[in-house]
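# Residue-level structural notes
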Amino acid sequence: MSEVQTKHPASLRIFFATEMWERYGFYVVQTLLALYLAQHFNWNDKDIYALVGSFTALTYVSPVVGGFLADRFLGQKRSILIGGVILFIFYLILGLVASDDILILSLAGIAVGTGLFKPNISSLLGNEYPENSPKRESGFTIFYMGITSGIILGCTFPSYLVHYFNWSLSFTSAALGMLIGLAVFIVGVYRYGIKDYNPFNYQFIKIIQAVIAILFLWGGSFCILHYTALADFAFIGIVLISGAYFLHSIRQESQLEARKTSVIAILCIISIIFWAFYFQMFLSFTLFLSRVVEQTLFNLRFPPPYYVSAQSIGAIIFGIFLSRRKNYSTKTPQGVQSSNKFLLSMFFMTAAFLLITLICRFNPGPNLLSPLYFIPAYLLISLAELLLYPVGLSAVTVLSSRNKVSTMMGVFFVSLGVGGFLSGKLAEIAAISPEQTSTIALKAHYATAFSHITYILIASLFVCILLNRLVKYLLSTESSIDHNSAPGLNENKAY
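I will try to describe carefully the structure that is included in this document. (Residues numbered from 1 in each chain as written. Predicted model: local features only at pLDDT ≥ 70, side-chain atom pairs only at ≥ 80, totals over all residues. Heavy atoms only, no water.)

## Observations concerning the environment of A174
Heads up, the condition is: Going along the chain from the N terminus, every DSSP run of H or I of four or more residues is numbered as a helix, and every run of E of two or more is numbered as a strand. Each residue gets one of three labels from its accessible area relative to the maximum for its type: buried under 20%, exposed over 50%, partly exposed in between, using a 1.4 Å probe on protein chains only. When checking whether two residues touch, look at their non-hydrogen atoms; a contact exists if any pair is within 4.5 Å.
On the secondary structure map, A174 appears in helix 7 (residues 167-192). For A174, a relative accessible area of 0% translates into the label buried. With residues near it in sequence (within four places) discarded, A174 still touches Y24, G25, V28 and Y91.

Below, the structure written as structure tokens:
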């Protein structure tokens with residue numbers, strides 16, 4: 001085996017650092033937004049959950065447009081640079097101007113910038129590995145540790161800025177972080193010769209079409225965030241379009257490639273279910289922690305965003321362990337391996353919700369709860385996330401045909417977006433009424449609400465078990481299909 005197949009590419013450090021700073025800026029907004037709306041703008045819970053859920057959804061749905069623009073018009077590198085500049089501008093506006101309309105305008109811009117940035121940085125990393133490299137998945141795990149490093153910074157330092165200074169300085173720091181990320185990426189492109197999947201060919205008409213698409217995405221995002229009733233129709237449409245894209249791709253592909261594409265679609269369904277519960281960390285869990293849990297730990301400040309930091313630290317620790325595992329050869333198709341890990345992640349997520357629900361039910365008194373009760377649940381969520389997200393990124397780059405990899409990566413991010421939208425709907429179960437002000441009443445309410453959410457999660461777990469069996473069925477005859485396929489049909493063989 002050649003050296004390039006047994007070692008990670010040197011450019012991995014660039015992807016690590018670039019994504020770390022991009023995630024810093026995003027998580028400044030993601031972890032503080034619900035608290036910002038509740039404490040600074042005095043919004044009620046249902047409006048907060050609607051906006052934060054829709055914003056979260058858009059930041060993960062927009063990558064399907066970003067991936068498409070990269071594949072057809074801009075290339076991955078230019079899409080990343082344009083997305084980074086857009087993020088810098090709107091983080092800066094969010095930090096400098098505080099009003100409802102500017103807030104929504106800025107959030108729409110952040111969704112657009114994220115859409116251009118996220119699928120293409122992941123796709124470029126996949127392009128740095130040979131198709132059959134055994135280091136690919138561990139490389140994505142290391143990459144994901146860069147993401148979690150940015151999350152830790154984005155969940156701790158900005159909370160410090162809010163407490164000792166103001167909200168504005170915290171959001172401005174997101175803009176500075178994005179500026180650092182852009183500088184790192186530009187240096188890395190030139191130093192390591194990072195290449196697009198397909199060479200970029202400059203055509204003026206393509207640039208104009210890309211600009212129009214970006215403006216249209218921004219306007220559509222603003223409308224969805226401003227008119228929350230529109231969000232329901234928009235995301236139903238997004239799901240239908242994504243499903244139609246899968247069906248179209250399957251009809252155009254060979255039997256083997258069609259099965260791989262079907263597996264990506266199934267993994268996306270499991271991903272939707274997972275993220276609907278995961279994003280409660282930024283919705284119902286955030287406001288719950290701010291209301292009935294002590295804000296100090298060992299006499300040190302420990303606000304709600306710090307729990308996400310604890311979750312991210314857990315992801316780094318678990319990620320180090322997983323990335324150092326030996327890669328044993330196996331006859332199990334990678335799609336089946338990925339599906340098994342997705343299912344295991346759902347078991348860990350279920351365990352985390354059961355733990356939080358039991359804590360709420362067995363501590364009904366007037367005293368605030370200790371943060372120590374909830375950190376283990378967040379660590380379970382970190383392990384669940386690590387078994388799904390980087391594994392999903394790797395699976396998409398392996399299972400997709402080469403000329404669709406960025407678009408498929410965007411579709412995978414759509415699953416996160418749809419999950420984020422559904423998380424806002426789930427969070428409404430935990431919304432409090434204005435008369436619920438005492439700690440005892442709040443505890444009773446959250447105990448009941450989280451029980452209902454957990455019941456839904458357990459039912460979803462059984463659905464995921466069935467989907468896992470379907471993946472095994474689809475790939476069980478892969479070897480015979482691959483062997484019997486006509487020459488020329490399997491140029492993108494992944495296993």
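Next comes the rest of the description.
## Things to note about the packing of helix 3 (residues 45-74) against helix 4 (residues 76-96)
For clarity, the threshold we go by: Comment: axis = line fitted to C-alpha atoms, over the contacting stretch for helices; angle = value between 0 and 180 degrees taken between N-to-C directions. In this scheme, roughly parallel covers angles under 35 degrees and roughly antiparallel covers those over 145, while 65 to 115 is roughly perpendicular and the rest are oblique. Each helix crossing is assigned a hand: it is left-handed if the near helix lies turned anticlockwise from the far helix by less than a right angle, otherwise right-handed if that turn is clockwise. Any residue that is not Ala, Val, Leu, Ile, Met, Phe, Trp, Tyr, Cys, Pro, Asp, Glu, Lys or Arg is counted as polar, Gly included; the first ten are nonpolar and the last four charged.
Contact pair helix 3 / helix 4: the axes reach a minimum separation of 8 Å and the direction vectors enclose 130°. As judged from the angle between their axes, helix 3 and helix 4 are oblique. At the point where helix 3 passes helix 4, the crossing takes the right-handed sense. Where helix 3 abuts helix 4, its residues G66, L69, A70, D71 and L74 lie against Q76, R78, S79 and I82. When its residues are assigned to classes, the contact of helix 3 with helix 4 shows four nonpolar, three polar and two charged.

## Focus on the packing of aromatic side chains
Put simply, the test is: Each Phe, Tyr or Trp ring, with Trp reduced to its six-membered ring, pairs with another whose centre is within 6.5 Å; inter-plane angles below 30 degrees give stacked pairs, above 60 give edge-to-face pairs, and intermediate values give tilted ones.
Across all of its chains, the model carries 34 aromatic pairs by this definition. The interplanar angle of 80° and the centroid separation of 4.9 Å between the aromatic rings of F302 and Y307 together place this pair among those described as edge-to-face. As far as the burial class goes, F302 and Y307 line up, both buried. Aromatic side chains Y307 and Y378 sit 5.5 Å apart centroid to centroid with 45° between the ring planes, which places their arrangement in the tilted category. In this pair, Y307 sits in helix 12 (residues 305-323) while Y378 sits in helix 14 (residues 375-386), placing the two residues 71 residues apart along the sequence. Y378 shares its class with Y307; the two are buried.

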